[in-house]
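Single-letter residue listing:
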Amino acid sequence: MAGKQISLPAKLINGGIAGLIGVTCVFPIDLAKTRLQNQQNGSRIYTSMSDCLIKTIRSEGFCGMYRGAAVNLTLVTPEKAIKLAANDFFRHQLSKDGQKLTLVGEMLAGCGAGTCQVIVTTPMEMLKIQLQDAGRIEAQRNIIGRHGGGGRAKANAVRKSPTALQLSRDLLKDKGITGLYTGLGATLLRDVPFSIIYFPLFANLNSLGRRNTDGSAPFYISFLSGCLAGCTAAVAVNPVDVLKTRLQSLSRGCDDETYSGMKDCIRKILRHEGPSAFLKGAYCRALVIAPLFGVVQVVYFLGVGEFVLGLLHGQKH
C-alpha cells in the first residue's frame, strides 16, 4: 500500500471481490475442516481431509462439498470489506503525521479490525457450520441405522437438512437476534488475535524485498506475504476455532457431547479427547486461509476496486 492512496469505496470493492474468489476456490477444504473439528472420538467417520472429501463426494455428490457456500458467498463481501477497511482506518488514526506505525500500533489496528468484523462473521459462521456439518451427522445416523438393524429404511428416514433461510427463521423465532450470535465470545477470541497476528505480520513481510517504481510491493511479494501471514495466524488460533465450531453446532450426532459454554467445552475436550483435539483441522484451516488471504491481498494491491469505480464513473459520463 505504500506509495498510493486507495479510496474507501475501492477498498470495499477490493475486499468483496477477493472474498468471493477466495471462498469459491477453498470452500471444500473449509467444509472438511468443520467436519473434522466436530467429529469426536466415539463417532469418527473421517480419518483425514482427503478421506472426508472423497466420502462427501460419494455420499452427497460434487455439490455436497459446497454445502453452506451460498451463506459464505453472500456475507463474505461485507465481512472482508469491513475487515480490510477497518484495519486501514485504524492504521490511519493511529499513525502520526504519516509516519510508519510501531508494532504495537499495527497490533491495535488489527485488534480493531477483528472486533468490527464479528458483526458479520458470527451469524455467517453460525449458519455455515450447520449446513456444512449436516452431511457428517447424516452419515453417522446412517451407520448407526444399519448397525442397529434398521437397514436402509432407517437410514433413509433421516430428515432433510434445513436451508440457511429456514435456520435463520427458526433461530430468530426461538431466540431472537441473539440466536444468530451464538458463539460470539469464541468468535471474538478467534478473530481478534487472528487480526493482531495477521495484519502486522503481513505489513512487515510485504515491506521486504525490492519495490516497484511507485513504491508499492511487487505482485509476488504481496501474494506470498498474504499466504504466509494468513497461514501463521490461522494455525495460531486454531484451538479457539475448534471451540467456536463445537459451540456453534446446534445439531449433534448420536454420541456427540453437548456443551453449556466455553469452559465446559474446554474441560470435556481435554477429558475425552486430549489436548491434540484442539489441533483438529489445523492443516485444513491453513490451506483455506493461506490462499484466501493471498488472493485478498493480490486483488487489493492490483487495484480492482479502482478499475470498477473507474468503469462506473465512465458510464455516468
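Residues numbered from 1 in each chain as written. Predicted model: local features only at pLDDT ≥ 70, side-chain atom pairs only at ≥ 80, totals over all residues. Heavy atoms only, no water.

A.B. asks: Describe the overall build of the protein chain, listing the residues and the values that go with them.
C.D. replies: A tally of helices and strands in the protein chain yields 13 helices and zero strands. Counting all 317 residues of the protein chain, 50% fall into the buried class. Summed over its atoms, the accessible surface of the protein chain is roughly 15,000 Å², and 65% of this surface lies on carbon and sulfur atoms. (Helix = DSSP H or I, 4+ residues; strand = E, 2+ residues; numbered from the N terminus. Buried < 20%, exposed > 50% of the residue type's maximum accessible area, 1.4 Å probe, protein only. Areas by Shrake-Rupley, 256 points an atom, 1.4 Å probe, with all protein chains shown as cover.)

A.B. asks: Break down empty space enclosed by the protein for me, with residues and values.
C.D. replies: Across all of its chains, the model carries two cavities of 30 Å³ or more by this definition. As a volume, the largest cavity reaches approximately 300 Å³. Taken together, 23 residues make up the lining of the largest cavity; nearest its centre are Lys-80, Glu-125, Arg-285, Ile-289 and Leu-292. Sorting the residues of the lining of the largest cavity by element identifies helix H1 (8–38), helix H3 (69–94), helix H4 (103–147), helix H8 (184–206) and helix H12 (282–302) as the ones contributing at least two each. In terms of residue class, the lining of the largest cavity is made up of 10 nonpolar, three polar and 10 charged. Taken as a whole, the second largest cavity spans an internal volume of roughly 30 Å³. Tallied by class, the residues present in the lining of the second largest cavity amount to no nonpolar, four polar and four charged. (1 Å grid on protein atoms, 1.4 Å probe; cavity = no way out; pocket = protein on both sides within 12 Å on 5 of 7 lines; lining within 4 Å. Points joined across faces, edges and corners; volume = space filled by probe spheres on them. Nonpolar A, V, L, I, M, F, W, Y, C, P; charged D, E, K, R; others polar.)

A.B. asks: Which residues make up the nonpolar core, and what are the values?
C.D. replies: One finds Met-49, Phe-194, Tyr-198, Ile-289 and Phe-293 to be the most contacted residues of the largest nonpolar core, which totals 34 residues. Broken down by secondary-structure element, the contributors of at least two residues to this core are H1, helix H2 (49–60), H3, H8, helix H9 (219–236) and H12. Among the elements that line this core, the one with the most residues is H12, at eight residues. Residue contacts for Phe-194: discarding those within four places in its chain leaves Lys-83, Gly-230, Ala-233, Ala-234, Val-237, Arg-285, Ile-289 and Phe-293. If you look at the next biggest cluster of nonpolar residues, it comprises nine residues, including Val-242, Leu-243, Ile-269 and Ala-277. (Core = buried A, V, L, I, M, F, W, Y, C linked by side-chain atoms within 4.5 Å. Contact = heavy atoms within 4.5 Å.)

A.B. asks: Describe in detail the packing of H1 against helix H10 (residues 238–248), supporting the description with residues and values.
C.D. replies: With their axes 9 Å apart at the nearest point, H1 and H10 run at an angle of 80 degrees to one another. Taken together, H1 and H10 sit at an angle that is classed as roughly perpendicular. Only Asn-238, Asp-241, Val-242, Thr-245 and Arg-246 of H10 make contact with H1, whose side of the interface consists of Lys-33, Thr-34, Gln-37 and Asn-38. (Axes fitted to C-alpha atoms, helices over the stretch in contact; angles between N-to-C directions. Parallel < 35°, antiparallel > 145°, perpendicular 65-115°, else oblique.)

A.B. asks: Would you mind going over the pattern of salt bridges in detail, with residue names and values included?
C.D. replies: Close approach of charged atoms allows side chains of opposite charge to pair. This structure, assessed with the given rule, holds 19 salt bridges. A salt bridge links Asp-51 to Lys-55; the nearest nitrogen and oxygen atoms lie 3.2 Å apart. On the criterion of helical spacing, the pair formed by Asp-51 and Lys-55 is a turn pair, its members being four residues apart in helix H2. Arg-190 is paired through a salt bridge with Asp-191; the nearest N and O atoms lie 2.8 Å apart. We classify Arg-190 as buried; its relative accessible area is 4%. On the basis of relative accessibility, which here comes to 4%, the residue Asp-191 falls in the buried class. (Salt bridge = Lys/Arg side-chain N within 4 Å of Asp/Glu carboxyl O.)

A.B. asks: With reference to specific residues and values, describe the confidence of the model for the protein chain.
C.D. replies: Summing up the model confidence of the protein chain, the mean pLDDT is 83 and the portion of residues at 70 or higher is 90%. When pLDDT is averaged over each helix and strand of the protein chain, the minimum, 44, is found for helix H5 (residues 151–156) and the maximum, 95, for H10. Low confidence marks residues 151–158, where pLDDT is under 50. Its contacts with residues over four positions away, or in another chain, come to eight contacts. (pLDDT = per-residue confidence, 0-100.)

A.B. asks: Quick rundown of the environment of Leu-201? Include the residues and the values.
C.D. replies: Note on placement: Leu-201 falls in helix H8. Excluding its chain neighbours within four sequence positions, the residues that come into contact with Leu-201 are Ala-229 and Thr-232.

A.B. asks: So what's going on with the packing of H1 against H3? Residues and values would help.
C.D. replies: Two numbers describe a pair of packed helices, the interaxial angle and the distance between the axes. At a minimum axis distance of 7 Å, the contact between H1 and H3 shows a crossing angle of 140 degrees. One element, H1, and the other, H3, form an angle in the oblique class. Of the two elements, H1 crosses H3, and the hand of that crossing is right-handed. Listed contacts from H3 to Leu-8, Lys-11, Leu-12, Gly-15, Gly-16, Gly-19, Leu-20, Val-23, Thr-24 and Phe-27 of H1 are Ala-69, Asn-72, Leu-73, Val-76, Thr-77, Lys-80, Ala-81, Leu-84, Ala-85 and Asp-88. (Left-handed = near helix turned anticlockwise from the far one by under 90°.)

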